[in-house]
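Structure at a glance
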Amino acid sequence: MKISLSRENLLSVLHTVVGVVEKRQTMPILGNVLFQVSQNTLTVTASDLEIETRASTELESSESDFSVTLPAIKLNSIVRAVPDGLTVVMDFNEMRCDLSAGRSKFKLSTLPADDFPIIDLTQIELSFSLQQHQLKQLIHNTAFAMASQDVRFYLNGMLFDISHQTLRVVATDGHRLSTCTTELATEGLTATQAILPRKGVLELQKLIGDDESLISFALAKNYLTVQFEDTVFTCKLVDGRFPDFKRVIPQTNDQLVQIDRTLLKSLLQRSAILSNDKFKGIRLALAPNLLSVHAQNSDQDESHEDMAIDYQGAEIEIGFNVNYIIDVLNSMNDDCVTLSMKDANSSCLIDSLGDACTCQHVIMPMRL
């Protein structure tokens, strides 16, 4: 059984799926990728039992239809090291693969395709479509707020909240919350919530482009599937109940601060240099037409900077983790940012309007 294809096409599909493969796994088969050859098309699948990614490409030639698995990391490293423009020929015979490209030749061991775990994608309960750039904006504007290793496992991911004709994504680590909403073309969708785990969000983010091509979403009882033109991404959902994010978003913040986003970001980055290494706390002091930012660390180093702003409200002095605000500013494209506050003990709300979505960011105050 022999196939041949361009080095670029093989590298493209391997690059798409190899991020799913864990370097350390309890089952040897999970260190491999599944090769399925059918009607002169190669489909490569990677899985870690939680996430499955499939990518397809056209072959230059194939002798027959077959399935086999190959070591993912080794194969990817070999193809990356092969010079551009070459044709890769793979000859499979008796649990071995002879790979040649130009004058380079390699021998790789294989494992049976029957041992490779495949997720059942037939139990679809809800489906809809949206443009790639919409999904890219939704995730880009919220993913930074996900928890990383929180014992509340349902926070180590992103909520997809679907209702009627709206898709809202939400991420929070308990200290901040980001949510973005976009309108869907599909009407009458059943109200549904699904939590995609952190690794699934990061892998999905790698697959999304900036174009307006449609991608298909499908929700099963335990899985979310996203289908691109030549790629299918499937991820097992987190079995848990996400906190009521609507209660976290403040409704009575009446002290509004309008600031140039780029200037504020630069000011905060300077202040962060001398903030506490662990907590990154800074103090914001608001007065009519003036913002003062103060930072201090355990070595008693200090920074202080004033900035003229458009503000006519009450005087407020409040502490924040500076990185939380910078993360929000990095996700925005607005020239001017509006911070809504109430008092020194209440959370700050930042609204932003993207090309394809509306976002809200909530940052809890710190005691300094």
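Residues numbered from 1 in each chain as written. Predicted model: local features only at pLDDT ≥ 70, side-chain atom pairs only at ≥ 80, totals over all residues. Heavy atoms only, no water.

1. Describing unusual backbone geometry
Unlike most non-glycine residues, Q39 shows phi in positive territory, near 50°. Turning to its location among the elements, Q39 is positioned in the loop between β2 (32–38) and β3 (41–47). Since its relative accessible area comes to 69%, Q39 is described here as exposed. One non-glycine residue, M95, lies in the positive phi region at around 65°. The residue M95 is located in the loop between β7 (87–93) and β8 (96–101) in this model. (Helix = DSSP H or I, 4+ residues; strand = E, 2+ residues; numbered from the N terminus. Buried < 20%, exposed > 50% of the residue type's maximum accessible area, 1.4 Å probe, protein only.)

2. Let's talk about the state of the cysteines
Evaluated as defined, the whole model comprises one disulfide. Note that C180 is cross-linked by a disulfide to C359, the S-S spacing being 2.1 Å. Across the disulfide from C180 to C359, rotation about the S-S bond amounts to roughly 110°, and the bridge is consequently right-handed. Within this pair, whereas C180 is found in strand β13 (residues 176–183), its partner C359 is found in strand β25 (residues 358–363), the two being separated by 179 residues in sequence. Here C336 stays free of any disulfide, with the sulfur of C348 as its closest cysteine sulfur at 13 Å. (Disulfide = S-S within 2.5 Å.)

3. Re the packing of aromatic side chains
Applying the stated criterion across every chain yields a total of four aromatic pairs. On the basis of an interplanar angle of 40° and a centroid distance of 6.0 Å, the ring pair of F160 and F217 is categorised as tilted. Of the two residues, F160 sits in strand β11 (residues 157–164) while F217 sits in strand β15 (residues 214–220), which places them 57 residues apart along the sequence. On the accessibility criterion, F160 (3% relative accessible area) is buried. For F217, a relative accessible area of 2% puts it in the buried group. (Phe/Tyr/Trp six-rings, centres within 6.5 Å; stacked < 30°, edge-to-face > 60°.)

4. Quick word on the sheet that holds β25
Spatially, β14-β11-β12-β13-β25-β24-β23-β18 is the arrangement adopted by the eight strands of the open sheet, whose pairing is antiparallel. Edge strands, defined here as strands with exactly one partner in the open sheet, are β14 (189–197) and β18 (255–260). Across this sheet, the average inter-strand angle for adjacent strands is 20°, counted without regard to direction. Relative to strand β24 (residues 348–353), strand β23 (residues 336–341) is paired through three bridges, and the arrangement is antiparallel. Among the inter-strand pairings, T338 is bridged to a residue of β24, identified as D351. On the sheet, helix α4 (residues 198–207) packs against β11 and β14 and is oriented at approximately 100° with respect to β14. Set on the sheet, helix α6 (residues 322–331) makes contact with β13, β23, β24 and β25; between it and β25 the angle comes to about 170°. (Pairing = 2+ DSSP bridges. Axes fitted to C-alpha atoms, helices over the stretch in contact; angles between N-to-C directions. Contact = heavy atoms within 4.5 Å.)

5. Thoughts on the packing of helix α3 (residues 132–140) against α4
Their axes nearest at 10 Å, the elements α3 and α4 cross at an angle of 140°. Taken together, the axes of α3 and α4 are oblique relative to one another. The two elements α3 and α4 cross, and the hand of that crossing is left-handed. On α4, the residues that touch Q132, L135, I139 and H140 of α3 are V201, L204, Q205 and L207. Classifying every residue of the contact of α3 with α4 by side-chain character gives five nonpolar, three polar and no charged. (Parallel < 35°, antiparallel > 145°, perpendicular 65-115°, else oblique. Left-handed = near helix turned anticlockwise from the far one by under 90°. Nonpolar A, V, L, I, M, F, W, Y, C, P; charged D, E, K, R; others polar.)

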